[in-house]
Amino acid sequence: MTFEAVDCVHDVLLFGSDDELVAATTPFVLDGVAAGDFVIVYGGDRHVAVLRDAFDDPRVHFDTGTDIYRSATSAIAEYQRICERENSAGRRVRATGPLSFGDNPVIRAQWMQYEALVNRALRPYRFFGLCRYDTRTTPPELLDIAFQTHHHVVTTEGTFHNDGKRTEDQLLRDLAPTDEPDPLETTPPVLAIDDISAPGPVRHEVLRALLSGGVPLVRADGFVTAISEVVTNAVQHGRPQVIVRLYGDRHRWLCAVTDDGPGISDPYTGIDSPFVGNPDRNGMGLWVARQLCDQLTITTGPTGGATVRVSVSIDR
Amino acid sequence: LTRLSTPVPNWWDGHLLLVPASTVADRAGIAAWAQRGLDLGEKLIYVADAGSSSTDSLLSSLARQGVEAADAATTGQLVVVEPDHFYSVDAYDRLVTEAYAQGYPGVRTCGGPHAAGPILSEDQFVRFEHTLEQMWTTRQVSALCRYGAFKTMDHSLDSAAAQHSSGVGEQQFHARSPEPGRLCLNGEVDTANDTILAAVVTAASTRAGHTLLLDCQGLAFASVSAWRALVEATEAFRQAGGEVRLTGLSKLDERVLRITGFGSCFALESATAQGNAS
């Protein structure tokens, strides 16, 4: 079994037993070692133990994935960082890991989006990913997403071109957030600031509101930094006036930053790699903001005007 | 923990370079300088310029910033002087000597290249800055030098920063170099003032030896653009073999430096590690 040597490949491995997992993963790993790739196997479950026994080779890296799979956005950004580092050293990145969709519908939707975004976010890089789906435990709707988002399907029977894959643009449009207000936005805002021309005063007022609302400092500082970057983006690239609305309850805080400009046509702005390896790199602010909060969504109203919403859960 | 809620320390004493990013920031800086002098009971000497050409116009400007100085003007504690009564070594020395003779515990002055323009050439102004530096170290005269919006000023900020040992900055951010090769950063840096940070750091790198130490203990906030400015401002220094060491970093600083990859350009030391070391 051999794999195509194109720049960015994102495949799915379907397995139903430990033996199938090892049999289907073996050529992926061994081919990578032979090619001098940076090979990494993610997963905290017993599958990694099984694979570790199978590949007793110091050139194969193992990682529980606890950090990289903390959130979908973090995972994409971390892969971009690894690709940037390894590609610049002349090595392709070859990674395999499980997807943990979980039961929370919001988190699950983020991971579904992730599978489509990987193709776009890692496109500039020499990357070969193999996502592992256990057919015994994966619900049908998630297997359906797997078929829509991966270049090839890998099984013990071989590697097959995936005819069910949809184009990223089409899929991402379908998965994009709607302009529906967040449920928190139906409550009175904790803070309302109008006519913003600089991020500094917003930082101070938001921080005061968060601390008064009982948000721990350790959660507040990253959130405030994310908001500051979003406000900076609105002031620099949007049009006056820029307004901020902050909402919160005991579990979650949300900040909506709106400007009166033409809107942001791409709801995935801030996903693409800002590193040197990406020839189409843009500003880093929104990319960093996405990693400093739990969720960042971009919507454009029917008459224009971009709204960027950032939120954090304080239960985590 | 976050330092965002930490107020920016007072820095209005010494030989200072005010580089405001806007007219509003310029007026706010003058007001803070004046309030500090009033609080200390010092003599305040302001050189007339286009912004405040008389005592009345200065008082109006200060009042708009919430600083009430009418009584000080009445008693002669606050005066506005013409540039030709200020911009010579003899004239400046006379003003300072008179102020101390009047019993004031300290003296502070406020001027800048725009006010000096009709009196001094560029070279003469640079030499006059040396005089102000000496007056701070020998006679404790605080001198605030307003360079206006630095993007349009005649002198490069790099060379100007090197002449002001007590610090460079504005209301939101200032930096001080207590010794060559070490720069203490204070306040908040974002897109409004990251170019000031870059210029100050570049200036510091030209005076550093092998290592440039940037003390971030007082840095309450740094945006992505601020860290990028640090990377770019130190690029030549690092490419020439110099090491840039960031100390006193908060957990958030470290996280952003890791996320952005900018941290790989520097030797990093967290606030906790620094505390343990000392």
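Look a little higher up for the structure.
Throughout, residues of each chain are indexed from 1 in the direction in which the sequence is written. Chains and ligands are labelled sequentially in the order written, the chains with letters from A and the ligands with numbers from 1. Local features are withheld for residues below a pLDDT of 70 in this predicted model, meaning they are given only at 70 or higher, and side-chain atom pairs are given and counted only at 80 or more; totals for whole chains, interfaces and linings count all residues. Values reported for side chains reflect all heavy atoms of the structure, with hydrogen atoms and water molecules removed beforehand.

Take the sheet that holds strand β11 (residues 295–300) of chain A next. All names here are of chain A. The criterion for strand pairing is that DSSP finds at least two bridges linking the strands in question. Each helix corresponds to a stretch of at least 4 residues labelled H or I by DSSP, and each strand to a stretch of at least 2 residues labelled E; elements are numbered beginning at the N terminus. Strand order in this open sheet of 5 strands is β8-β9-β10-β12-β11, and the pairing throughout is antiparallel. Bordering the open sheet on either side are β8 (191–193) and β11, each of which pairs with just one other strand. Neighbour to neighbour, the strand axes of the sheet diverge by 15° on average, direction disregarded. The pairing of β11 with strand β12 (residues 306–313) spans 6 bridges and is antiparallel. In the sheet register, Leu-296 faces β12, and the bridge partner there is Val-310. Here, two residues are considered to be in contact whenever any of their heavy atoms come within 4.5 Å of each other. Here the axes come from fitting lines to C-alpha atoms, over the contacting stretch only for helices, and the angles between their N-to-C directions go from 0 to 180 degrees. Contacting β8, β9 (243–248) and β10 (252–258), helix α7 (residues 199–212) runs over the sheet at an angle of about 170° to β8. Along the sheet face, helix α8 (residues 217–237) touches β9, β10, β11 and β12 and points at about 175° away from the line of β12.

With that settled, the discussion passes to the nonpolar core. Joining through side-chain atoms within 4.5 Å is the link that ties buried Ala, Val, Leu, Ile, Met, Phe, Trp, Tyr and Cys residues into a set, and such a set is a nonpolar core. Only protein chains enter the accessibility calculation, which uses a 1.4 Å probe. A residue is then buried if its area is under 20% of the maximum for its type, exposed if over 50%, and partly exposed in between. Residues Tyr114(A), Phe223(A), Trp227(B) and Leu246(B) are the most contacted members of the largest nonpolar core, which totals 140 residues. Grouped together as the second largest cluster of nonpolar side chains are 23 residues, Leu18(B), Ala31(B), Leu38(B) and Ala69(B) included.

Residue and element names in this part refer to chain A. Only rings of Phe, Tyr and Trp enter the pairing, Trp through its six-membered ring, and a pair is recorded when the two centres are within 6.5 Å. The plane angle decides the type: under 30 degrees is stacked, over 60 is edge-to-face, the rest tilted. Under the defined criterion, the tally for this structure stands at 17 aromatic pairs over all chains. A centroid spacing of 6.0 Å and a plane angle of 50° characterise the contact between Phe-101 and Tyr-133, whose relative ring orientation is tilted. Of the two residues, Phe-101 sits in the loop between β4 (93–98) and α4 (105–121) while Tyr-133 sits in strand β5 (residues 127–134), which places them 32 residues apart along the sequence. Residue class for Tyr-133 comes out buried when judged on its relative accessible area of 1%. An aromatic cluster is present here, built from Tyr-42, Tyr-69, Tyr-79, Trp-111, Tyr-114 and Phe-127 joined pairwise through their rings. Here, a charge over a ring means that NZ of Lys or CZ of Arg falls within 6 Å of the ring centre while also lying within 35 degrees of the ring normal. Taking the ring centre of Phe-28 as reference, the NZ or CZ of Arg-94 above it sits at 5.2 Å.

Residue and element names in this part refer to chain A. By the alternation rule, side chains of strand β3 (residues 60–63) split into Val-60 and Phe-62, which are all buried, and His-61 and Asp-63, of which none is buried. Inspection of the sheet shows strand β2 (residues 38–42) paired to β3 by 4 bridges, in the parallel sense. Looking at β3, one finds that Val-39 is bridged to Val-60.

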